[in-house]
Structures are given as structure tokens and as C-alpha cells.
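Close look at the chain arrangement
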Amino acid sequence: MTPGAPRIAYLQLAASMALVGANVAVAKLLAEALPIPMIAFLRCVLAVALLWPLARLLESAPRPKGEVMYNLAWQALFGTVIYNAGLLAGLRLTSAQEGGLVLASLPAVVALGSAFWLRERLTPPQWIAVSLAAFGMAAMTIARSGSDVTGSALGNLLIFGGVIGEALYVLLARRIVGRVGVITASLWMQIFSALMLATFALPDIASIAALADPRLAALLVFHSVTASVLCLLLWYAGLQRVGAGVAGIFTAFLPATAALVAVVVLQEAFTAIHAIGFALMMLSVLIATWPRRQST
């Protein structure tokens, strides 16, 4: 491994989760005109259309072995279907404040999963980093919500279900690192996702007439390319060099970017609490990724 390899992996993981976070706002805009299952289904179909020729050209598009295919199917269920369903359904019921607080638990859930399921040993600095990331995201969520918004226990529970789904996706992806090409893994995950979503989306097939609006169609294409292609390629590439425990720290970029997009796009105020939240998140990443002296 070259000296700069971990840094490249860190950038890939951060960019991946930042794209996922930015797409929360995009998905909300699309949801105003299209049913949620149809959005997710069309996103996956477009992703397959993009990934299939890339896989054939760059990786010969081999069909993964049975165990890997099984793993990719579970990733599709947890990382695409359950995460998106839980997040978008939950945000319809709960406040931005409480929903964001739940999302802020993602780094800690991934860290616990990597320690107890994948048996990866987390160092004390990594545990500290997880805590800082969670507190940082919670602070930013409080800042963007406003004090006059109430939450919903059911909405929070749905979002936490999405958090569990995303965490399981992260952990499952780590299990097949090196056993299948990055593009091929992304392709088959999107194929499985489209198949799972088809049952829920096709009854509302008439709703795609809304895509006659060029702005809406452009949003869907952007959503698919960034959330179902680029973020997956970046995440799988980063996991080639980084364990799931450290990768989990970078899931903090998901709620962080979602908060930042709300500030920039929706013109919400950037407060001192926002600044504290970003500082804690960046400190968590710095602690988790700081080079350590190797024993000889």
C-alpha cells in the first residue's frame, strides 16, 4: 500500500457519504411529484443502465459467486430499500431536529456493528471519534431545526430503522471487499434493488408522466448518478483500504451534508451551534484517521 493510499480512501468515503446527505434534499423535491417507491425504482434502473457498460468494459462484468451475490442482495435490501423507506417516511412524521438526532447515531451504530459482528478491534481514539461525530451531528441538527417544531416517536423509530439499514449495508459491504470488482458490486446491488422495488413502484407507473417536466427529469438523473452510482463506487473503493470501524466515522458526513444543504439551499441561518457541530465532526475524523506509529 502506498503512503497516500489511506488518505485517498478517506476522501472517497467522505465524498460518498456527502453525496448521500446532499441527496436527502433532492429526494424531498422529487417526492413532491412522484411516489417514493417510484423514485427509488427509477433511480436504480438508471444506475443499472450506466453501470452495465462500465462493468463490461472495465471488469468484464463477471457474475459474482453465490455467496457474494447473496451478500449483495442483502446490501440492496438494507442499504437501498430499508434506508430510503425509513428515512423518507420518518421525515414526514417527525421534526428535522429529532430526525437529525437519530441520523447522528449512524457512526456509533456502524462502530458497534464492526466491533461485535465483524470482530474488528476499535482503538480508544476511534471510540472517542465515534462519540464526537454523534455529538457534532446532534448539535448541527438542533441548530437547523428551530425550537418550535415537535417530533414523533413513530417517525423517529422509522428513521432509526433506516439508520440500522444503512449501518448493515456498510458492514455487509466490508465482508466482500476484494472478492468482487467495485463496479460489478455496485451494478448487482442496483439490479437487486430495482427488482425489490418493482413490486411497490409499478402499480404507480402512470406517475412517471410527471417526468415530462425537464427540471424534474434532470433532478431524477442527478439523483441516480450521484446517489446510486458515484456514492457506491466511492464507498466500495474506500473500503478496499479501510476497515468498517473507521469507515463508520465517515458516515457522519451524511447528516452533516444534509444540514449544510439545508443552510445553503433553504437559506437557514448558520449559527454558532452549526460551527460547533462541524468542528466536532472534523475533529472526530482527524482523531480516527491520524497516522499511528507502527510497532516493530
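Our subject is the structure that appears above.
A few points on the structure. Bear in mind the structure is a predicted one, so any value in this text is a computation, not a measurement.

1. Some details on the overall build of the protein chain
Secondary structure summary: the protein chain contains 12 helices and zero strands in total. Walking the protein chain from its N terminus toward its C terminus, one meets helices and strands in the order α-α-α-α-α-α-α-α-α-α-α-α. Per-residue burial over the protein chain gives 52% buried out of 296 residues.

2. Section: the pattern of salt bridges
Counting across every chain of the model gives one salt bridge. Residues Glu67 and Arg179 are paired through a salt bridge, measuring 3.2 Å at the closest nitrogen-oxygen approach. Remark: Arg179 occurs in the loop between helix H7 (153–175) and helix H8 (182–201) and Glu67 occurs in helix H3 (residues 66–91); sequence separation between them is 112 residues. With a relative accessible area of 45%, Arg179 lands in the partly exposed category.

3. Let's talk about the side chain of Thr226
Secondary-structure assignment places Thr226 in helix H9 (residues 214–239). For Thr226, a relative accessible area of 6% gives the class buried. The residues contacting Thr226, other than those within four sequence positions of it, are Leu19, Asn23 and Cys231.

4. A closer look at the environment of Ala14
One can find Ala14 in helix H1 (residues 5–31). On the accessibility criterion, Ala14 (12% relative accessible area) is buried. Residues Ala14 and Thr251, spaced 237 residues apart in sequence, show a C-alpha to C-alpha distance of 7.5 Å.

5. Some thoughts on the nonpolar core
Counting residues in hydrophobic clusters, the biggest one holds 51 residues, and the most contacted among them are Leu72, Trp235 and Tyr236. Examining the composition of this core, we find that eight residues originate from one element, H8, more than from any other. Here Tyr236 is in contact with Leu72, Gln75, Tyr169, Ala173, Val182, Ala185, Ser186 and Met189, once residues within four sequence places are set aside. Of all hydrophobic cores here, the second largest spans 17 residues; its members include Leu34, Ala198, Leu216 and Leu220.

6. Description of the packing of H3 against H8
Orientation of H3 relative to H8, taken along the N-to-C sense of each, is 60°, at an axis distance of 8 Å. It follows that H3 is oblique to H8 by the angle criterion. Here H3 and H8 pass one another in a crossing that is right-handed. Taken together, the residues of H8 that come into contact with H3 (itself represented by Met69, Leu72, Ala73, Gln75, Ala76, Leu77, Gly79, Thr80 and Val81) are Ala185, Trp188, Met189, Phe192, Ser193, Met196 and Leu197. A per-class count over the contact of H3 with H8 returns 12 nonpolar, four polar and no charged.

7. Concerning a nonpolar patch on the surface
On the surface, a cluster of nonpolar side chains totalling about 370 Å² of accessible area is made up of Leu93, Leu154, Leu157 and Leu158. By the element assignment, Leu154 lies in helix H7. Judged by relative accessible area, which is 52%, Leu154 ranks as exposed.

Conventions we followed
- Residues numbered from 1 in each chain as written.
- Predicted model: local features only at pLDDT ≥ 70, side-chain atom pairs only at ≥ 80, totals over all residues.
- Heavy atoms only, no water.
- Helix = DSSP H or I, 4+ residues; strand = E, 2+ residues; numbered from the N terminus.
- Buried < 20%, exposed > 50% of the residue type's maximum accessible area, 1.4 Å probe, protein only.
- Salt bridge = Lys/Arg side-chain N within 4 Å of Asp/Glu carboxyl O.
- Contact = heavy atoms within 4.5 Å.
- Core = buried A, V, L, I, M, F, W, Y, C linked by side-chain atoms within 4.5 Å.
- Axes fitted to C-alpha atoms, helices over the stretch in contact; angles between N-to-C directions.
- Parallel < 35°, antiparallel > 145°, perpendicular 65-115°, else oblique.
- Left-handed = near helix turned anticlockwise from the far one by under 90°.
- Nonpolar A, V, L, I, M, F, W, Y, C, P; charged D, E, K, R; others polar.
- Patch = residues over 30% accessible without salt bridge, like charges linked within 9 Å, V, L, I, M, F, W, Y side chains within 5 Å.
- Areas by Shrake-Rupley, 256 points an atom, 1.4 Å probe, with all protein chains shown as cover.

The values reported here are purely geometric and, on their own, carry no functional implication.
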